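So the chains spell out like this:
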Amino acid sequence: MKFVPVADIKIDDPLWTSQFALVRDVVLPYMWEILNDRIENAEKSHCIENFKVAAGTSDDEFYGPVFVDSDLYKWLEAVSYCLSVEKDPALEALCDQTIELIGAAQQADGYLNTYFTVVAPGKRWTNHMEGHELYCAGHLIEAGVAYFKATGKDRLLKICIRFADLIDQTFGKGKKRGYPGHPEIELALIRLYEVSGEARYLSLAGYFINERGQGSNLFAEECEKDGHSFIFPDMVHFGADYFQSHLPVREQNSAAGHAVRAMYLYSAMADYARLTDDPDLINACERLYENTVTRQMYVTGGLGAAKLGERFTVDYDLPPDSGYAETCASIGLMLFSSRMWLLTGDKSCYDIWEQALFNTVLSGIGRDGHHFFYVNPLEVIPQSVSQNPTLAHVKTERRKWFSVACCPPNLARILTSIPGYIYALDGNRLFILTHIGSSFKKGGLYVKLAHKGDEYALTIDGGPMEILLRHPDNSTLIGDQFEERADGYFTIQHAGGRKEYNYCLVPQVRILKAHPRVSAAAGKLCVQRGLTTYCAEAADNAAPLSSLRLPEEAVFNEERVGWLGDAMPILKTAGYRVSEENWNGTLYSSQSSEYESCEIALIPYSQWGNRGENEMRVWFVEK
Ligand SMILES: [Zn+2]
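As the structure is a computational prediction, the values presented were derived from the model and not from experiment. (Residues numbered from 1 in each chain as written. Predicted model: local features only at pLDDT ≥ 70, side-chain atom pairs only at ≥ 80, totals over all residues. Heavy atoms only, no water.)

### Some remarks on the overall build of the protein chain
Put simply, the rule is: In this description a helix means any DSSP run of H or I spanning at least four residues, a strand means any run of E spanning at least two, and both kinds are numbered starting from the N terminus. It is over C-alpha atoms that the radius of gyration is taken, and the globule rule equals 2.2 Å times the number of residues to the power 0.38. Each residue is assigned to one of three classes by its accessible area relative to the maximum for its type, calculated with a 1.4 Å probe on protein chains only: buried under 20%, partly exposed between the two thresholds, exposed over 50%. Any pair of residues with heavy atoms lying within 4.5 Å of one another is described as a contacting pair. Note on areas: Shrake-Rupley, 1.4 Å probe, and residue coverage restricted to the protein chains presented here. Under the counting rule used here, the positive set is Lys and Arg, the negative set is Asp and Glu, and His together with the chain ends is not counted. Here the site of a charge means atom NZ of a Lys, CZ of an Arg, CG of an Asp or CD of a Glu.
A tally of regular secondary structure across the protein chain gives 16 helices and 22 strands. Taking 25 Å as the expected radius of gyration for a compact globule of 623 residues, we find that the protein chain reaches 25 Å, a close match to that expectation. Viewed in the frame of its principal axes, the protein chain has a C-alpha envelope of about 75 × 70 × 50 Å. Within the span of the protein chain, comprising 623 residues, buried residues form 59% of the whole. Sequence separation of 24 or more characterises 70% of the internal contacts of the protein chain that already satisfy a separation of 6 or more. For the protein chain, the exposed surface amounts to about 24100 Å²; the carbon and sulfur share of it is 48%. Charge centroids of the protein chain, computed over 59 positive and 82 negative side chains, lie 3 Å from each other.

Right, dumping it as structure tokens:
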């Protein structure tokens, strides 16, 4: 099974057309200004300047975290997806100029990393735990592959290949031992293999995956060497599981450690397992995926319950207010889910993919395209956040930028690449995996999926072929022409030629409980429409939201409001509020609670924090 690539897809959808336009026309130009330090009162990036320093054309100093180069690479990757859909000569010229700058910063032997070139030239490949050299190389390669596919120009790809060849000469059996503290190179090398056909890159990805967690502790050994200096001094206390190097990858059973690192590693494992048809690795991927989505995932598709280490903790530990749920981790969950779908064809992987996208990923970006969330809690009380140091990582409003700015450019690249996840082809089978209005022409085949509200029209010209529509969880799919299968697809045999098929896809509203072992959600309920999780904000419901009580049998009315548009209704229901009347200054009381009736209004979680600082809550006590 192969996804139909971004470059072939044209989007025409009530929600996604404007979402893509926001990224292309607002977010990416804004980020370019950020990378050039031209936005007032935003955290300094210095990214472009660092490349000039490394290229010898600026006398400035390096500034930023060791992995700041990756911000530019992710920007280039996102711009490439835009260029692959629509030509833009001015933007392409800007990219070409930027690629020349990157090329000028590359060392004679192919090495490319501004921090190690400018700040620590003698320390190359000595600190895999913290150095992020292979991580940055990975994002460079992903950008190079995307730009080549979008424009046919191979200047950046050649820069990547020179660096990849140096990495290949450096690492492997009989060469230097190593693997990255932050996985990413593995995913990128597999993409480079797919575009170049060069098997060495696949083998090198396999080396980094397979060497991880074998034998002695590589990172601890590096820390003990003479002359070692720490870049992130706290990291040494994190333990091998933080880096997913506590066991060989085939022996790992539960998602562990830093959530973004975990998702990138598992995604690469799934790619490598598929390409090499490795049953043990496939099993490991299935165990890790199962553990992630049935034990350690927030109902918003968020991952990472602890701030310290931005990491997974143990099964069922999912605190709503102090968790981390980094935007990048949910982007990683989309990457992992799409690859698990390629491995298994299981439609539920796309339910998770959508759960991550519709909630935590979309929450990462403000409606103005200039503000971003890094941490995505399920409960925010602004006064507590401002006064309680253990919640210092939580932001009550989106930020212009971050000193560690991995999330915003990662959002740009995942959102611009979404068209490439809608359709997949497998011989004469066509999968429609997520119901986004779009069309493509490939070979003799033309496919168009159009929709107005819940009514969908699918036009196929070509074939004969079998069409499989994914039935999303928590929705009703009605299509008389289709046959429902037990595995969650609706299918039809298209006899060939041009024909239109119609179906109706209606998101349902449901009330969810968490597993009884999720202590933080015990006795609580939350609401989903389709796979969009909802929340209450004080902008619609008087604070404190902790007083709200939701009946388990609540019935919701959908209401369209101007600021959210037609694709995202507000949900309203009759609920209760605990009265504060008889409390008379006491903190604890034995009296029974008194309730007042009230209306509860909920908005999609992804849209919270767009109306100024206020309380927000996903889980409600049941009444
Ligand atoms: Zn991030």
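### What about the coordination of the zinc ion?
Counted only if it meets this: Listed donors are limited to N, O and S atoms within 2.8 Å of the metal, widened to 3.2 Å for Na, K and Ca; water is not among them, so incomplete-looking sites are possible. Here a site with four donors is tetrahedral if all angles are between 85 and 135 degrees, and a site with four or six donors is square planar or octahedral if opposite donors are over 155 degrees apart and the other angles are between 65 and 115; anything else gets the irregular label.
Here the zinc ion is held by Glu 326 (OE), Cys 328 (SG), Cys 406 (SG) and Cys 407 (SG), and the distances to it run 2.0 to 2.3 Å. With four donor atoms in place around the zinc ion and angles of 93 to 119° between them, the coordination shape is tetrahedral. Read in sequence order, the donor residues for the zinc ion give the motif E-x1-C-x77-C-C. Overall, Cys 406 belongs to the buried group, its relative accessible area being 10%. According to the relative accessible area criterion, Cys 407 is buried, its value standing at 0%.

### Overview of the sheet that holds strand β7 (residues 445-452)
Put simply, the rule is: Pairs of strands are assigned from DSSP output, requiring at least two bridges between the strands. Interaxial angles span 0 to 180 degrees and are taken between N-to-C directions of axes, which are lines fitted to C-alpha atoms, for helices over the stretch in contact.
Read across the sheet, six strands follow the order β2-β6-β7-β8-β13-β10 without closing on themselves; strand pairing throughout is antiparallel. Since the sheet does not close on itself, it has two edges, and those belong to β2 (9-11) and β10 (475-478), each with one partner. Taking the axes of each pair of neighbouring strands and ignoring which way they run, one obtains an average angle of 15° across the sheet. Direction of pairing for β7 relative to strand β8 (residues 455-461): antiparallel, over a ladder of seven bridges. Across the sheet, residue Ala 450 finds its bridge partner in β8, namely Ala 457.

### Remarks on the packing of aromatic side chains
Heads up, the condition is: Note on ring pairs: Phe, Tyr and Trp rings are taken, using the six-membered ring of Trp, and paired if centres are within 6.5 Å. Classes follow the plane angle, with under 30 degrees stacked, over 60 edge-to-face and the rest tilted. When the NZ atom of lysine or the CZ atom of arginine is within 6 Å of a ring's centre and also within 35 degrees of its normal, the charge is said to sit over that ring.
Evaluated as defined, the whole model comprises 36 aromatic pairs. A centroid spacing of 5.2 Å and a plane angle of 85° characterise the contact between Trp 125 and Phe 171, whose relative ring orientation is edge-to-face. With Trp 125 in the loop between α5 (114-118) and α6 (133-151) and Phe 171 in the loop between α7 (155-170) and α8 (185-196), this residue pair connects regions lying 46 residues apart in the sequence. In terms of burial, Trp 125 and Phe 171 fall into one category: buried. For the ring pair Trp 341 and Phe 431, a centre distance of 5.0 Å and an interplane angle of 80° mean the geometry is edge-to-face. Of this pair, Trp 341 sits in helix α13 (residues 327-344) while Phe 431 sits in strand β5 (residues 429-432), and the two are 90 residues apart along the sequence. Taken together through their ring pairs, the aromatic side chains of Phe 3, Trp 341, Tyr 350, Trp 353, Tyr 421, Phe 431 and Tyr 489 make up a single cluster. The ring of Tyr 111 carries Arg 124 above its face, with NZ or CZ at 3.9 Å from the centroid.

### Description of the pattern of salt bridges
Under the convention used in this document: For salt bridges, the criterion is a side-chain nitrogen of Lys or Arg within 4 Å of an Asp or Glu carboxyl oxygen.
One pass over the structure, following the stated rule, counts 40 salt bridges. Notably, a salt bridge pairs Glu 211 with Lys 173, separated by 3.1 Å at the nearest N-O pair. Of this pair, Glu 211 sits in helix α9 (residues 199-211) while Lys 173 sits in the loop between α7 and α8, and the two are 38 residues apart along the sequence. Overall, Lys 173 belongs to the exposed group, its relative accessible area being 68%. Across the pair Arg 611 and Asp 540 runs a salt bridge, and its minimum N-O distance is 2.7 Å. Taken as a pair, Arg 611 in the loop between β20 (595-604) and β21 (616-617) and Asp 540 in the loop between β16 (532-537) and β17 (548-550) lie far apart in primary sequence, 71 residues in all. For Asp 540, a relative accessible area of 29% puts it in the partly exposed group. One salt-bridge network, in which partners are shared between bridges, spans Glu 77, Glu 142, Arg 191 and Arg 413.

### Looking at the environment of Thr 344
Take Thr 344: it is sitting in helix α13. Residue Thr 344 is classed as partly exposed on the basis of its relative accessible area, which comes to 36%. Here the alpha-carbon distance between Thr 344 and Glu 286, two residues 58 residues apart in the chain, equals 9.1 Å. In this structure Thr 344 touches Glu 286 and Cys 349, once residues within four positions along its chain are discounted.

### Considering the sheet that holds β5
Sheet strands pair by backbone hydrogen bonding; their relative direction is either parallel or antiparallel. Spatial ordering of the open sheet is given by β1-β4-β5-β9-β12-β11, a layout of six strands whose pairing is mixed. The sheet is open, and its two borders are formed by β1 (2-3) and β11 (483-484), each paired with just one other strand.

### So, the packing of helix α2 (residues 47-55) against helix α4 (residues 89-105)
For clarity, the threshold we go by: Roughly parallel means an angle under 35 degrees; roughly antiparallel means over 145; roughly perpendicular covers 65 to 115; every other angle is labelled oblique. In this scheme, a crossing is called left-handed if the near helix is turned counterclockwise away from the far one by less than a right angle; it is called right-handed if the turn is clockwise.
With their axes 7 Å apart at the nearest point, α2 and α4 run at an angle of 45° to one another. Taken together, α2 and α4 sit at an angle that is classed as oblique. In this structure, the crossing between α2 and α4 has a hand that is left-handed. Side by side, α2 and α4 meet where Ile 48, Phe 51, Lys 52, Ala 54 and Ala 55 of the first sit next to Leu 101, Ile 102, Ala 104 and Ala 105 of the second.

### A look at the environment of Gln 169
Among the secondary structure elements, Gln 169 is positioned in helix α7. Along the chain, Gln 169 and Leu 204 lie 35 residues apart, while their C-alpha atoms are 9.9 Å from each other.

### Focus on helix α3 (residues 69-85)
Applicable threshold: Each helix should span, by expectation, one fewer than its residue count multiplied by 1.5 Å.
The terminal C-alpha atoms of α3 lie 25 Å apart, and with 17 residues this matches the ideal 24 Å at 1.5 Å per residue to within 8%. Counting buried positions along α3 yields 16 of 17 residues, so the element is predominantly enclosed.

### Here's the deal with empty space enclosed by the protein
Note the cut-off: Grid points spaced at 1 Å over the protein atoms alone were grouped into cavities, where a 1.4 Å probe fits but cannot get out, and pockets, open sets with protein on both sides within 12 Å along at least five of seven lines, with lining residues defined by an atom within 4 Å of a point. Grid points are joined across faces, edges and corners, and a volume is the space filled by probe spheres set on the points.
Evaluation of the coordinates by the stated rule reveals three cavities of 30 Å³ or more. Estimated volume of the largest cavity: approximately 50 Å³. Trp 125, Asn 127, His 128, His 132, Glu 133, Leu 134, Tyr 135, Pro 180, Gly 181 and His 182 together form the lining of the largest cavity. Approximately 40 Å³ is the volume found for the second largest cavity. Along its surface, the second largest cavity is lined by Lys 44, Ser 45, Tyr 63, Gly 64, Pro 65, Val 68, Asp 71, Trp 401, Phe 402, Ser 403 and Ala 405.

### Quick look at the packing of α7 against α8
Put simply, the test is: The nonpolar class holds Ala, Val, Leu, Ile, Met, Phe, Trp, Tyr, Cys and Pro. Asp, Glu, Lys and Arg form the charged class, and all remaining residues, Gly among them, are polar.
Across the interface, α7 lies against α8 with an axial gap of 12 Å and an inter-helix angle of 120°. Viewed along their axes, α7 and α8 adopt a mutual orientation that is oblique. In the packing of α7 onto α8, the handedness of the crossing is left-handed. On α8, the residues that touch Leu 157, Ile 161, Ala 164 and Ile 167 of α7 are Ile 185, Leu 189, Leu 192 and Val 195. Looking at the contact of α7 with α8 residue by residue, the classes come out as eight nonpolar, no polar and no charged.

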